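# Structural features, examined
Each chain, written out:
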Amino acid sequence: MALVKAIRRFTVRTVLPEPIRPLARLATNLRWSWHRPTRELFASLNPALWEESQHDPIALLGSISREQLQDLANDGELVNRVQGAAADLDRYLSEPRWYQGLGEDAPACIAYFSPEFGITEVLPQYSGGLGILAGDHLKAASDLGVPLIGVGLLYQAGYFKQSLSRDAWQQETYPVLDPDGLPLTLLRHPAKDGAQGKPVHISLPLPNGRELHAHVWRADVGRVPLLLLDSNVPSNDEAARGITDRLYGGGGDHRLQQELLLGMGGVKALRVYQELTGTPAPEVFHTNEGHAGFLGIERIQEAMSDAHEPLSWDEALAAGRASTVFTTHTPVPAGIDRFETVQIKHFFEAGLAPAVPTERILELGRENFDGGNPSVFNMAVMGLRLAQRANGVAKLHGVVSREMFAGLWPGFDHSEIPITSVTNGVHVPTWVDPRISSLARNQFGAEAEALGRWDLAYNVSDEDVWALRRELRAQLIDDVRRRLRASWKKRGAADAELGWTDSVLDPDVLTIGFARRVPTYKRLTLMLRDPARLKALLLDPKHPIQLVIAGKSHPADDAGKKMIQDLVKFTDDPQVRHRIVFLPNYDIAMARTLFPGCDVWLNNPLRPLEACGTSGMKAAINGSLNLSVLDGWWDEMYDGENGWAIPTANNNASSEERDDIEASALYELLETQVAPRFYGTTVAQGAGAAGPSESSRETVPTHWVSMIKHTLANLGPAVSAERMLHDYVNNLYCPAAVSGRRAVAESFKEAKELAAWTSKVRSAWPGVVVEHVDSVGVSEEPQVGDTLQVNAYVALNNLTPDDVSVEVAFGRAEDTDELEDIVVAELDSLEDLGGGRHLFSGSLVINRSGSFGYTVRVFPKHSALASKAELGLIANA
Ligand SMILES: *Cc1c(COP(=O)(O)O)cnc(C)c1O
């Protein structure tokens, strides 16, 4: 072992000979990470070094000798390919795409803030689903021409690398990344007098007279620039330097400072970037999860400190909200950042937002509602208050979020809480196996591939589908054997003991995958609930299954590490170790082989805690079938023929009972449905008696294959990140841009008006009362189709009928008098009764038999509000 360790590392960038110089640009634009031809070009430069560099173009170029580079530069055919690839990249970067065909409501620029971005294993700035989603969001935006700019942090060590001790305990290491060796460019001011321009420098004041400085790195994700702030700069003191040391490293102040840098520093970085490059200012700000929420404070600070026309707090808030979209990503309380209010106060009093009254900031995150803790500052709550539009990440998660945050809109029905949903998606070119795209291309042509003709899956022969599945499984098994041996060597085993790893897993056995982060709710070890039953499934002579498992536990989560340990100890048993493996260090590189290689993708979270889940989507686009609890995306997309639903125990069961019931349902599905169908037992009965590697395998299991085709054809378009981007653009970005523009037009006329109106309405509201309601027209025996005239006498305090909407809500009346299946109709203002009292009236048609009820409610109405619940004010009869 080398005992001399570097205290600082740097990477010397290769100077490429002129004819192949475009390789540098091809290596720095991350489009290579999903553009197969560019990857193939890099691989062909030196296949051995490509493997050694772990498919990292910059590392590859740095490791090719000068002699070989010169040889490459003299190779006319190669030079042509390089030039061709560069021209293709230029075309991709400049040609009009989907977004360029949209109307003028489409924003000129959208800023997308996220605490993590998972784009490629080469830039390990992600811990799991949230980061990968953000990466897929940028890639799909690029493909569609959406003018997005990403904003995040550059973590010196990213997330940790996972290995195992001999005793199967998770070990974490944090190899330090050298930004110069990454596909990043330091953002600089323009060069002057032939000298390189100075790096862009962002500063935030910290308590005790300290300052936090950061540089800004730019990654190019196709057409989308991603700005990453880095506090590891010489002008910082030691502590400030460490702020961007690692992803989700420390807690408390460390975490808070990361988030201040991300949100507030991020807006500052954007402004400099805009100025340097002449790109238009963002018209929409997308806060991807609460962690990035301080961006809203920085924008309020900008507006309140404007030199010409400073806005008031209320005006700045109204203006900022109009153009902000907030996405909440988890119903798990531990996933939501909560700080002590005094902590937030301490930092803001250092002068982070000098024009903004600190008390106002504290109010934004305060949990001053039923079930909240008023001394806590909640980042999700602030996110919701700073954004006029908000969403969850799957339909079910929308429902759960509306319930979870209902306290912010007291008096409203859960269905009216202004949180919508956009179901996540996955970037297909990143996640579909190259073998699948080449099959599609060979059989149907490049155009069908480009058009995303998933329906053509039905036209592929059963034999081709089945043969491809086997290839993908075999490819995974090669990777598993390599990784398993490496893992055992790290655990201290000698090569001589490891012969068995060369034959683990069987390319003809039903392969089931389970890989994701290991928080408790994802229940990594549910499959171990009845170890004997699992063992029997693995070793079944006719219908064996094999399992490939991976996942990192948060370094501070010992319960997660214990689950990994329990699982690994089970896999260490010589009786089953050829059928079940745990692979350490789950990352994008592993995932890309894992999803395609698995026949079945397993997911068994505690419903409804999985907000969306995307790994099952990645499996689906590769023809794997999902076997999952009906949670997240699967709850809305399972259709009976694209996989299996693991039944959920009812909510009254204790957690132990729940695990028992659900594990047993899982085993049963595997035994009676999944395995028999995979082995085509129904058609090839008897042939399997000789064991799994005999001729029984020759029959194509037609039902299984038809499920694969159905999955590809139906889920392919539904789970793609392009569909997700279409939804964000149409349902959130365009409306936010329209609101935002209206708010700021004519020197913030509408924002000012809305702010003044809101404050008038808020102070009048306690005096808004539905005093009396009567109805005429219903006979002794009302019938369906009868018309009912409703009169409501409402005290409006000093508000006018134009300030409010008075509606009748009617529906089925429950025993508790709660209304279900509500329909609403607005009542008209009929008469000013004097003394602030008004008569509103309207009619409704009784649309159902049985128990029927109605009520009258009043809420504020203004054209600049995006929903009737927006102000959280309602007066119910
Ligand atoms: C897709 C993906 C995830 C997210 O998986 P979920 O099942 O949605 O939690 C995490 N890590 C990696 C490497 C992934 O590719």
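The model shown is predicted, which means the values in this text are computed figures rather than measured ones.

In terms of regular secondary structure, the chain is built from 27 helices and 30 strands. By the compact-globule yardstick of 29 Å for 877 residues, the chain fits well, its C-alpha radius of gyration being 30 Å. Within the span of the chain, comprising 877 residues, buried residues form 56% of the whole. Across the chain, the 84 positively charged side chains and the 113 negatively charged ones have centroids separated by 6 Å.

Moving on to the sheet that holds strand β21 (residues 625-629). Read across the open sheet, the six strands follow the order β19-β18-β17-β20-β21-β22; overall the sheet is parallel. In this open sheet, the two edge strands, each paired with only one partner strand, are β19 (580-583) and β22 (643-646). Mean inter-strand twist for the sheet, computed between neighbouring axes without regard to direction, equals 20 degrees. Where helix α25 (residues 655-678) meets the sheet, its contacts fall on β17 (510-515), β18 (545-550), β20 (600-603), β21 and β22, and the angle it forms with β22 comes to roughly 165 degrees.

Let's shift gears to helix α7 (residues 129-144). In a regular helix each residue adds 1.5 Å, so 16 residues correspond to 22 Å; α7 covers 22 Å between its end C-alpha atoms and thus fits that length. Burial within α7 is extensive, with 15 of its 16 residues counted as buried. Downstream of α7 by a residue or two, Gly145 has a phi angle that is positive, lying close to 75 degrees.

Let us look at the domain arrangement of the chain. Each domain of the chain was delimited in the assignment, giving domain 1 (18-93), domain 2 (107-421), domain 3 (435-719) and domain 4 (768-876). Using C-alpha coordinates to define each centre, domain 3 is positioned 53 Å away from domain 4.

Here Pro199 lies in the loop between β7 (185-186) and β8 (202-205). For Pro199, a relative accessible area of 25% gives the class partly exposed. Along the chain, Pro199 and His189 lie ten residues apart, while their C-alpha atoms are 6.1 Å from each other. Not counting residues within four places of it along the chain, the set of residues in contact with Pro199 comprises Leu186, Leu187, Arg188, His189 and His215.

So, on to the UniProt feature "domain: DUF3417" (unreviewed entry) in the chain. The positions UniProt marks with the feature "domain: DUF3417" (unreviewed entry) are residues 16-123. Counting secondary structure, residues 16-123 comes out at 54% helix and 6% strand; the distance between its end C-alpha atoms is 23 Å.

Take the site of the ligand next. Arg516, Lys522, Thr614, Ser615 and Lys618 are the nearest of the 15 residues found near the ligand. One of the side-chain nitrogen or oxygen atoms of Arg516 is found 3.2 Å away from an oxygen atom of the ligand. At 2.5 Å, a side-chain N or O of Lys618 approaches an oxygen atom of the ligand. Relative to its unbound accessible area of 390 Å², the ligand is 96% covered by the protein chains. Of all the elements in the fold, those that place two or more residues in the shell around the ligand are α7, α22 (588-597) and α23 (615-620). The element that contributes the greatest number of residues to the shell around the ligand is α22, accounting for three residues.

So, about the UniProt feature "modified residue: N6-(pyridoxal phosphate)lysine" (unreviewed entry) in the chain. The feature "modified residue: N6-(pyridoxal phosphate)lysine" (unreviewed entry), as annotated in UniProt, sits at Lys618 in this numbering. Relative to the assigned elements, Lys618 resides in helix α23. For Lys618, a relative accessible area of 4% translates into the label buried. Not counting chain neighbours up to four residues away, the residues in contact with Lys618 comprise Ile132, Val426, Trp431 and Phe595.

Our focus in this paragraph is the side chain of Asp56. Position of Asp56 among the secondary structure elements: in the loop between α3 (47-52) and α4 (57-63). You can call Asp56 buried: its relative accessible area is 12%. Beyond its immediate sequence surroundings of up to four residues, Asp56 is in contact with Trp50 and Val122.

Quick look at the state of the cysteines now. By definition, a disulfide links the sulfur atoms of two cysteines through a covalent bond. With the rule as written, the count across this model stands at zero disulfides. Not engaged in a disulfide, the cysteine Cys598 finds its nearest cysteine sulfur in Cys612; these two sulfurs lie 19 Å apart. Among the residues examined, Cys598 registers a relative accessible area of 0% and is labelled buried. With relative accessibility at 3%, the residue Cys612 sits in the buried group.

With that settled, consider helix α6 (residues 76-94). Over its 19 residues, α6 runs 27 Å from end to end, which matches the ideal 27 Å to within 8%, given 1.5 Å per residue. When we look at burial in α6, the residues that qualify are Leu78, Val79, Val82, Ala85, Ala86, Leu89 and Tyr92. The buried residues of α6 all sit within an arc of 150 degrees when viewed along its axis, so they share a single face. More than 90 degrees from the buried face of α6, the exposed residues found are Glu77, Asn80 and Ser94. For α6, the secondary structure elements touched by its buried residues are α1 (22-28), α2 (36-45), α5 (66-74) and α7.

If you look at the biggest cluster of nonpolar residues, it comprises 99 residues, and the most contacted ones within it are Leu510, Leu627 and Trp704. For this core, the two domains that each supply at least three residues are domain 2 (107-421) and domain 3 (435-719). Listed in part, the 91 residues of the second largest apolar core include Ala111, Tyr248, Met264 and Ala269.

With that settled, consider the layout of surface pockets. Of the pockets and cavities examined, the second largest pocket occupies roughly 1,100 Å³. Forming the boundary of the second largest pocket are 43 residues, of which Arg321, Arg385, Arg762, Glu870 and Leu871 lie nearest the centre. At ten residues, the largest contribution of residues to the lining of the second largest pocket is made by helix α27 (residues 721-764). In terms of residue class, the lining of the second largest pocket is built from 25 nonpolar, nine polar and nine charged. For the lining of the second largest pocket, the domains that each give at least three residues are domain 2 (107-421) and domain 4 (768-876).

Moving on to the environment of Ala649. Along the polypeptide, Ala649 turns up in the loop between β22 and α25. Overall, Ala649 belongs to the buried group, its relative accessible area being 8%. With twelve residues separating them along the chain, Ala649 and Ile661 place their C-alpha atoms 6.3 Å apart. Not counting residues within four places of it along the chain, the set of residues in contact with Ala649 comprises Arg658, Ile661 and Glu662.

Each value, and the rule that gives it
Within any chain, residue numbers begin from 1 and follow the written order of that chain's sequence. Residues qualify for local features only when their pLDDT is at least 70, as the model is predicted, and side-chain atom pairs are given and counted only at 80 or more; totals for whole chains, interfaces and linings, by contrast, use all residues. Working from all heavy atoms in the structure, the side-chain values ignore hydrogens and water. Helix numbering and strand numbering both begin at the N terminus, where a helix is a DSSP run of H or I of at least 4 residues and a strand a DSSP run of E of at least 2. As a reference, a globule follows 2.2 Å times the number of residues to the power 0.38, and the radius of gyration itself is taken over C-alpha atoms. Each residue is assigned to one of three classes by its accessible area relative to the maximum for its type, calculated with a 1.4 Å probe on protein chains only: buried under 20%, partly exposed between the two thresholds, exposed over 50%. His is not counted, nor are the chain ends; Lys and Arg add positive charge and Asp and Glu add negative charge. In plain terms, the charge of a residue is placed at NZ if it is Lys, CZ if Arg, CG if Asp and CD if Glu. Strands qualify as paired when DSSP identifies two bridges or more between them. To obtain an axis, a line is fitted to C-alpha atoms, over the contacting stretch when the element is a helix, and the angle between two such axes runs from 0 to 180 degrees between their N-to-C directions. Contacts: residue pairs with any heavy atoms within 4.5 Å of one another. Under the convention used throughout, the expected extent of a helix is 1.5 Å for every residue step, that is, one less than its residue count. Domain ranges listed in this record stem from an automatic or a database domain assignment. UniProt positions are given in the numbering used here, feature names are shortened, and annotations may be inferred rather than shown by experiment. Note on terminology: near, applied to a residue and a molecule or strand, indicates that one of the residue's heavy atoms is within 4 Å of it. Polar contacts, as counted here, are pairs of nitrogen or oxygen atoms within 3.5 Å of one another; within protein the pair requires one atom able to donate a hydrogen and one able to accept it, and residues that are adjacent in sequence qualify only if both atoms are side-chain atoms. Here, Shrake-Rupley sampling with a 1.4 Å probe gives the accessible areas, and only protein chains in the shown set may cover a residue. Here, a disulfide means two cysteine sulfur atoms that sit within 2.5 Å of each other. An arc is given here, and it is the one of the directions from the helix axis to the C-beta atoms. In this text, buried Ala, Val, Leu, Ile, Met, Phe, Trp, Tyr and Cys residues form a nonpolar core when linked through side-chain atoms within 4.5 Å. Here a cavity is any set of points on a 1 Å grid over the protein atoms alone where a 1.4 Å probe fits but cannot get out, and a pocket is any open set with protein on both sides within 12 Å along at least 5 of 7 lines; a residue lines the site when it has an atom within 4 Å of a point. Grid points are joined across faces, edges and corners, and a volume is the space filled by probe spheres set on the points. Basically, the charged four are Asp, Glu, Lys and Arg, the nonpolar ten are Ala, Val, Leu, Ile, Met, Phe, Trp, Tyr, Cys and Pro, and anything else, Gly included, counts as polar.

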